[in-house]
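# Structural overview for review
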Amino acid sequence: GVDFEVFFPTVAATLVGGSVRTINGHQYPVLVYASQSHTISLLEVDQQSIDAKTVQMDRVAAEDVAESKWHWVSADDKTLFVWKSNSIMCSVVSDLAVDEVSALFRLEVL
């Protein structure tokens, strides 16, 4: 139900499901991964939706992604990780600490 090809990054976790999230009337994929007893949720938004402001992105996160390829925020062993792959902005939310989340992804190929 989304208007672009879903991106499946290489993740050292098990894909356990997915859903479609509606934001401002547009549908975006959410991939759900599991690593031991932890959940990793990955929302994908196409660049066209960000440019059209259908989905608004935090200014600091957008600047970090533009400058260094990714953005991290962590508090109380919960992590937000944002990066762009081609024309898809990926946002991961997890109950894992930053170092544990980063260990699941091959950062050099993102």
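Look above for the structure.
Below is a summary of the structure that appears in this document. (Residues numbered from 1 in each chain as written. Predicted model: local features only at pLDDT ≥ 70, side-chain atom pairs only at ≥ 80, totals over all residues. Heavy atoms only, no water.)

### Brief notes about the sheet that holds strand β2 (residues 26-35)
Quick reminder of the rule: Pairing between strands requires that DSSP locate at least two bridges from one strand to the other. The helix count covers DSSP runs of H or I at least four residues long, the strand count covers runs of E at least two residues long, and both are numbered beginning at the N terminus. Fitted lines through C-alpha atoms serve as axes, helices being fitted only where they are in contact, and the angles separating the N-to-C directions of these axes extend from 0 to 180 degrees.
Taken together, the 6 strands give an open sheet; going across it, the order is β1-β2-β3-β6-β5-β4, and neighbouring strands pair in antiparallel fashion. Looking at which strands have only one partner, the edges of the open sheet turn out to be β1 (14-23) and β4 (70-75). Along the sheet, successive strands turn relative to each other by an average axial angle of 20°, direction set aside. The pairing of strand β5 (residues 78-85) with strand β6 (residues 88-94) spans 7 bridges and is antiparallel. When the bridges of β6 are listed, Val82 appears paired with Ser91.

### Observations regarding a negative patch on the surface
Using the following cut-off: Exposure above 30% relative accessible area and the absence of a salt bridge qualify a residue for a patch, where like charges join within 9 Å and nonpolar side chains (Val, Leu, Ile, Met, Phe, Trp, Tyr) within 5 Å. Computed by Shrake-Rupley with a 1.4 Å probe, the accessible areas treat only the displayed protein chains as cover when residues are assessed. A pairing counts as a salt bridge when a side-chain nitrogen of Lys or Arg comes within 4 Å of a carboxyl oxygen of Asp or Glu. This count recognises Lys and Arg as positive and Asp and Glu as negative, with His and chain-terminal groups excluded. All charge positions are set by atom: Lys at NZ, Arg at CZ, Asp at CG, Glu at CD.
Where like charges cluster on the molecular surface, the negative patch consists of Asp76, Asp77, Asp95, Asp99 and Glu100. Secondary-structure assignment places Asp95 in the loop between β6 and α3 (98-104).

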